[in-house]
Amino acid sequence: MGDPAGVGPEICLRLLANAELAERCVPVVLGDAAVLAACAHRTGLPEPARILAADGWAAKTGALPGGAAVDLGAIGVGDFSPGKVSAATGAAAFAYVEASIAAALAGEVDAVATAPLSKEGAQGGRHRLSQYTEIFAARTAAPRWCMVRLEAITCTFATVHVGYAEVPRC
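About the thresholds
Residues numbered from 1 in each chain as written. Predicted model: local features only at pLDDT ≥ 70, side-chain atom pairs only at ≥ 80, totals over all residues. Heavy atoms only, no water. Helix = DSSP H or I, 4+ residues; strand = E, 2+ residues; numbered from the N terminus. Pairing = 2+ DSSP bridges. Expected span 1.5 Å × (residues − 1). Buried < 20%, exposed > 50% of the residue type's maximum accessible area, 1.4 Å probe, protein only. Axes fitted to C-alpha atoms, helices over the stretch in contact; angles between N-to-C directions. Core = buried A, V, L, I, M, F, W, Y, C linked by side-chain atoms within 4.5 Å. Contact = heavy atoms within 4.5 Å. Disulfide = S-S within 2.5 Å.

S.K.: When you look at unusual backbone geometry in this model, what are you seeing that I'm missing?
M.R.: Notably, Ala141 is not glycine yet its phi reads approximately 55°, a positive angle. As for its position among the elements, Ala141 is in the loop between helix H6 (132–140) and strand S4 (148–149).

What follows is the structure in structure tokens.
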């Protein structure tokens, strides 16, 4: 679900409401049901039709047309303010990505797509790794890895989330 204080919850609600996508796959959002419900209320988007508990969710997703949200209970709605980076939202985002990696390694999902993560929030949450690419590489012990952006042209980044001024030093 990405950073719960960022655009991730809205992106995930739009994903779950996308009927065309649901015909191609079973989307599963790993995040917090209360955060998604609060975002739905603020934006006018529909709440997830199905909320699954964190325990045993994978066995239930195959029979869920339209997908589901998995409630990981990583953060409460009163624990942050939308649009404000914090250690709490960074820790929650880290918990979501950790859960997605575990699900992928266990064969419970076929692919993982991520919503935006706040580097400052992740570091404030005391996580040394602050970008998805680095987290996936570390957790999977990948000997080689890179970030890929898919558009009309597929490209691989030479740097990982550094400012333009830092590029010459990379």
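S.K.: Would you take a moment to explain the pairing of strand S3 (residues 68–71) for this structure?
M.R.: One face of the sheet, then the other: side chains in a regular strand alternate in exactly this way. Here strand S1 (residues 28–31) runs beside S3; their pairing, made up of 4 bridges, is parallel. Among the inter-strand pairings, Gly31 is bridged to a residue of S3, identified as Asp71.

S.K.: Could you clarify how one ought to interpret helix H4 (residues 87–105) in this entry?
M.R.: Spacing of three or four residues puts side chains on the same side of an α-helix, whose turn is 3.6 residues. Here H4 spans 27 Å end to end across 19 residues, near enough to the 27 Å set by a 1.5 Å rise per residue. Taken as a whole, H4 has its buried residues at Thr89, Gly90, Ala92, Ala93, Phe94, Tyr96, Val97, Ser100, Ile101 and Ala103. Looking one or two residues past H4, Gly107 carries a phi angle of roughly 75°, positive in sign.

S.K.: Explain the sheet that holds S3 here, please?
M.R.: Within a beta sheet, neighbouring strands are joined by backbone hydrogen bonds and run either parallel or antiparallel to one another. Reading across the sheet, the 3 strands line up as S1-S3-S2 and stay open at both edges, with parallel pairing between neighbours. Each having just a single partner strand, S1 and strand S2 (51–53) make up the two edges of the open sheet. If you compare each strand with its neighbour and ignore which way they point, the axes differ by 30° on average.

S.K.: Honestly, the nonpolar core in this entry has me stumped. Any pointers?
M.R.: One broad trend across soluble globular proteins is that nonpolar side chains are buried collectively. Counting residues in hydrophobic clusters, the biggest one holds 16 residues, and the most contacted among them are Met1, Leu13, Val29, Leu36 and Ile75. Per-element tally for this core: the top contributor is helix H3 (residues 33–43), with 4 residues. Dropping the residues within four chain positions of it, Val29 is found in contact with Met1, Cys12, Leu15, Leu16, Leu36, Ala68, Ala69 and Val70.

S.K.: Which parts of the structure should I look at to understand the state of the cysteines?
M.R.: Between two cysteines, a covalent bond joining their sulfur atoms is known as a disulfide. Scanning the entire structure with this criterion turns up 0 disulfides. The thiol sulfur of Cys39 is not disulfide-bonded, and the nearest other cysteine sulfur, from Cys12, lies at 9.0 Å. Overall, the relative accessible area of 4% leaves Cys39 in the buried class.

S.K.: What is the right way to look at H3 in this model?
M.R.: Those residues of H3 that sit buried are Ala33, Val35, Leu36, Ala38, Cys39 and Ala40. As for H3, its buried residues are in contact with helix H1 (8–16), S1, S2 and S3. Directly beyond the C-terminal end of H3, a positive phi value near 80° is found at Gly44.

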